[in-house]
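# Summary of the model geometry
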Amino acid sequence: MTALFRTFPHDPAALLAPRFRRAGGAPASRSERQLLALLWQEPEQTRAALTGRMDMAQQSVHRLLSGLQEDGMILFGPLEPPRHKGKPSPRLLLNPRFGCALGVSLDTDRVGLACMDFAGGHLARQFPIAGDSVEAVLDRIEAEFAALLDQARFGQGDVLGVGFSIAGYLMKSGRYNPPDPLVHWSEVDLARRVSDRFGLPCWTDNNANTAALCEAMFGVGRRVRNLAYLSFNYGFGAGIIAEGDLMRGGFGNAGEIGMIFTPEEAAVRPALGLLLAHLQRGGHDIRGIADLERAADWPETAAWVAQVMPQLNRVLNALAAVADPECIVFGGQIPRALARAFIGRAEFYARPRHGHLNPLPELAVSSLGGETPAVGAACLPLRALAF
């Protein structure tokens, strides 16, 4: 196969996109990053409104915005008349054509891919896998990257970086420990392998975290700043968003909620791989996680929900007590009907004290669907470099 990307030595500083003009590859100072983040959160606000949200002199904000415009990161839109006295102020936009980031999510039975422009617009796709070798998967990813870039009308030189997420937890070696179907990926240094393969800087995380990041940027996170995302896949994990930022913890494994179960309970936790095995033992022709969509209302599924509900309730209460989220989102590959069944049986253990009950999180089914972890993975380079 003809390589889409040139191979470079594994030196992240050397791989950073040349359009970032400052030494070290960072596009901006902390203040400029703050400006870009505010524009991401609220597009098309006026320069005057944005200036009012910064703890800086007006002249300094205008100078920074002019620099970002010269670099091609933002666009000045039409002038808006002031509400009170003063000069008209231009509307500000992130420039979607400044560049793009690519995202990959590797799960037990599928690979999701996304291409995201600088303003957050994105395209996504996926392909199935079943024990495919690392090299075979990377070959297919390369072909899909080429198709995505062509569809989005970006070239190789427009790619700012790659975000790569995988099911599993982070080990001290920097590698990930995935579920059994992906065991051959456990000895792969993902950041180095992907960076060397595509000649681009690479940021890695687990699928639950990148899905939570996607939810924070495009879903429930548009209205709340603190959320927990439950990722129901072959395994069962979570990502935690605190004040708009992803919580990773001291070892990079915040949200690794499987650790709260005893060995006996682990066999009856709400992991879709266990539901799959449960239905197969019952004689059903269910071959993969995607097939569970048609099994959500089966009696055998309802029996499994009742069996795993005590473990799920413990997770919900632990998240409410420790992370104090405004919302707990049910996401991953879970069928919506199954997620609603879980929510209908959920129980919080908090009891009123002196006539008052402490605030409890809303429970919601993710509305994003599609390649949520891959879209979140594509956010990783943009957040690292610009936001």
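In helix packing, the relevant descriptors are the interaxial angle and the interaxial distance, both defined with respect to the helix axes. Where helix H10 (residues 299–322) meets helix H11 (residues 336–345), the axes come as close as 10 Å, and the angle between the chain directions of the two elements is 55°. As judged from the angle between their axes, H10 and H11 are oblique. For the crossing formed where H10 meets H11, the hand is right-handed. Counted together, Thr-301, Trp-304, Val-305, Ala-306, Val-308, Met-309, Leu-312 and Asn-313 of H10 and Leu-338, Phe-342 and Arg-345 of H11 form the full contact between these two elements. The class makeup of the residues in the contact of H10 with H11 is eight nonpolar, two polar and one charged.

Going through the model one piece at a time under the given rule, you end up with 15 salt bridges. The salt bridge involving Arg-192 is made with Asp-189; its shortest N-O contact spans 3.9 Å. It is possible to trace a salt-bridge network through shared partners that takes in Glu-135, Asp-139, Glu-142, Arg-193 and Arg-197.

A word on the sheet that holds strand E9 (residues 202–206). With respect to topology, five strands assemble into an open sheet ordered E5-E4-E3-E6-E9, the strand pairing being mixed. Of all the strands in the sheet, the pair left with one neighbour each is strand E5 (122–128) and E9. Strand-to-strand twist of the sheet, defined as the mean angle between neighbouring strand axes without regard to direction, takes the value 15°. As judged from the seven bridges shared by strand E3 (residues 100–106) and strand E6 (residues 159–166), these two strands associate in the parallel manner.

In a regular helix each residue adds 1.5 Å, so 19 residues correspond to 27 Å; helix H5 (residues 134–152) covers 26 Å between its end C-alpha atoms and thus fits that length. For H5, the full list of buried residues reads Val-134, Val-137, Leu-138, Ile-141, Glu-142, Glu-144, Phe-145, Leu-148, Leu-149 and Ala-152. Contact partners of the buried residues in H5: E3, strand E4 (110–117), E5, E6 and helix H6 (190–198). Backbone geometry just after H5 places Arg-153 at a positive phi near 60°.

Cut-off values and rules
Each chain has its residues counted from 1, running along the sequence as written. It should be noted that, the model being predicted, local features are given only for residues of pLDDT at least 70 and side-chain atom pairs only at 80 or more, the latter also being counted only at that level, while totals for whole chains, interfaces and linings use all residues. To obtain the side-chain values, all non-hydrogen atoms of the structure were used and water was disregarded. For helices, the axis comes from a line fit to the C-alpha atoms of the stretch in contact; other axes are also lines fit to C-alpha atoms, and the angle between any two N-to-C directions lies between 0 and 180 degrees. Numbering of helices and strands runs from the N terminus; a helix is a DSSP stretch of H or I covering at least four residues, while a strand is a stretch of E covering at least two. Oblique is the label for any angle not under 35 degrees, not over 145, and not in the 65 to 115 range, which are roughly parallel, roughly antiparallel and roughly perpendicular in turn. By definition, turning the near helix anticlockwise from the far helix through less than a right angle yields a left-handed crossing, and turning it clockwise yields a right-handed one. Should any heavy atoms of two residues lie within 4.5 Å, those residues are counted as being in contact. The residue classification treats Ala, Val, Leu, Ile, Met, Phe, Trp, Tyr, Cys and Pro as nonpolar and Asp, Glu, Lys and Arg as charged. All others, Gly included, are polar. Note on definitions: salt bridges are taken to be side-chain nitrogens of Lys or Arg within 4 Å of carboxyl oxygens of Asp or Glu. By this definition, two strands are paired if DSSP reports at least two bridges between them. Here the expected length of a helix is defined as 1.5 Å per residue gap, with one fewer gap than residues. Residue exposure (1.4 Å probe, protein chains only): buried if accessible area is under 20% of the type maximum, exposed if over 50%, otherwise partly exposed.

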